[in-house]
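# Per-entry structural report
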Amino acid sequence: MANNNRKAVKVVQTAGRQQLGEFAPDFARYNDDILFGEVWSKNDVLSLHDRSIVTVSALVASGITDSSLKYHLQSAKNNGVTKEEMAEIITQLGFYGGWPKAWAAFNLAKEVYKDTAAAANTSGNETLENIMATSLFPVGGVNDNYAQYFDGTSYLNMLSLNQVVIGNVTFEPGCRNHWHIHHADKGGGQMLLVTAGRGYYQEWGKPAQELKPGDVVHIPANVKHWHGAAPNSAFQHLAIEVPGENTSSEWCEAVDLMEYNKLK
Ligand code: MN
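Residues numbered from 1 in each chain as written. Predicted model: local features only at pLDDT ≥ 70, side-chain atom pairs only at ≥ 80, totals over all residues. Heavy atoms only, no water.

## Side note on the coordination of the manganese ion
Around the manganese ion, the protein contributes the donor atoms His180 (NE2), His182 (NE2), Gln190 (OE1), His225 (NE2) and His227 (NE2), at 2.1 to 2.3 Å from the metal centre. Donor residues for the manganese ion sit on one chain with the sequence pattern H-x1-H-x7-Q-x34-H-x1-H. A residue pair is termed long-range when its members are at least 10 positions apart, and Gln190 in strand β8 (residues 190-197) and His227 in strand β12 (residues 225-229) qualify at 37 residues. Each of the two residues, Gln190 as well as His227, counts as buried. (Donors = N, O, S within 2.8 Å, 3.2 Å for Na, K, Ca; no water. Helix = DSSP H or I, 4+ residues; strand = E, 2+ residues; numbered from the N terminus. Buried < 20%, exposed > 50% of the residue type's maximum accessible area, 1.4 Å probe, protein only.)

Structure (structure tokens):
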């Protein structure tokens, strides 16, 4: 399941004390300290993401489609349940829990996830400064060793040289590498995990495909390709060398500037 969040997160809840502290202090204490303070905070087996799915499902199935469902839908979104996942969850709940309950839940979910849809429609452009400031993995220094194979400035930090070789590559806006081939007799190739900004991947003879954070690209061995930033956005991906036999990289010509400039 996507976005399993296994960080130890203490969930702080004060709604019980705020709303029922005077009237039912014990209920308020169980709510804040045990339900949220212990059950929700215990995420070694079930992540917050998974607990949100369980809770939303239970509320919808029980026909509870008031402000508490809205709170838990918002909480699910915060815990990494995507819009696509929520649509699947409520669709399935419709069959097991009741069609009208699914309708009611969808009406609330649409409000909660409205911002996400709007955000997804924006360009996704990022500045280099922002990517550097928010990068999960260290960005490293200017990628001098490969500069001759890049147009524009890139940054490289090798994250792993054991078992599987992984580098964190950060591109300034407009920076891309030259056409190249990851050769291998068997296995080999490369995988890209996009971590920030907006960029492109293109295979020889095919249209360039736009990349955004969360995208995974499987580059087969012996296929000529390039990857890099969009003209107006910085970009970052993890590059994973897929182990293979007799692997080597062959660097070819730069990406045609006229073709590159056609990209948004
Ligand atoms: Mn490559």
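Still more ground to cover, so stick around.
## Regarding the pairing of strand β9 (residues 199-203)
Sheet faces and side chains relate simply in a regular strand, where the side chains alternate between the two faces. Most of β9 is tucked away: five of the five residues are buried. Judged from the three bridges that link them, β9 and strand β10 (residues 209-211) form a sheet pairing that is antiparallel. Paired with Gly199 across the bridge in β10 is Leu211. Between β9 and the antiparallel strand that follows it, β10, lie five residues; Gly205 among them carries a positive phi value of about 85°. Across five bridges, the pairing between β9 and β12 is antiparallel. If you follow Gln202 over to β12, its bridge partner there is Trp226. (Pairing = 2+ DSSP bridges.)

## Some details on the packing of aromatic side chains
Considering all chains together, one arrives at ten aromatic pairs under this definition. Their ring planes at 80° and their centres at 4.8 Å tell us that Trp179 and Trp204 sit as a pair that is edge-to-face. With a gap of 25 residues between them, Trp179 in the loop between β5 (176-177) and β6 (180-183) and Trp204 in the loop between β9 and β10 connect regions that are remote in the sequence. Exposure remark for Trp179: the relative accessible area of 7% places this residue in the buried category. (Phe/Tyr/Trp six-rings, centres within 6.5 Å; stacked < 30°, edge-to-face > 60°.)

## Observations concerning unusual backbone geometry
The backbone of Gln163 shows a phi angle near 60°, a positive value even though the residue is not glycine. Note on placement: Gln163 falls in the loop between β3 (154-160) and β4 (166-171). Residue Gln163 is classed as exposed on the basis of its relative accessible area, which comes to 82%. The backbone phi angle of Asn246 is positive, close to 55°, even though this residue is not glycine. Within the fold, Asn246 resides in the loop between β14 (244-245) and β15 (248-251). With relative accessibility at 59%, the residue Asn246 sits in the exposed group.

## Description of the confidence of the model for the protein
Caution is warranted with low-pLDDT regions, since their predicted coordinates should not be read in detail. In this model, the protein carries a mean pLDDT of 92, and residues with pLDDT of at least 70 account for 94%. In the model, residues 1-7 has pLDDT below 50 throughout and makes 22 contacts with residues more than four positions away in sequence or in other chains. (pLDDT = per-residue confidence, 0-100. Contact = heavy atoms within 4.5 Å.)

## Quick notes on the pattern of salt bridges
Opposite charge on two side chains makes pairing possible when the charged atoms of those side chains draw close. Per the counting criterion, the structure on display carries eleven salt bridges. Between Lys42 and Asp44 there is a salt bridge; the shortest N-O distance is 3.1 Å. A residue is classified by how much of its surface remains accessible, and Lys42, at 43% relative accessible area, is partly exposed. You can call Asp44 exposed: its relative accessible area is 54%. As a salt-bridge pair, Arg176 and Asp151 come within 3.9 Å of each other at their nearest N and O atoms. Taken together, the residues span a long stretch of sequence, with Arg176 in strand β5 and Asp151 in strand β2 (residues 150-151) at a distance of 25 residues. By sharing partners, the salt bridges in this structure join Arg17, Asp32 and Asp33 into a single network. (Salt bridge = Lys/Arg side-chain N within 4 Å of Asp/Glu carboxyl O.)

## Thoughts on the domain arrangement of the protein
By domain assignment, the protein separates into domain 1 (15-113) and domain 2 (128-260). Summarising the inter-unit geometry, the C-alpha centres of domain 1 and domain 2 are found 40 Å apart. (Domains from an automatic or database assignment.)

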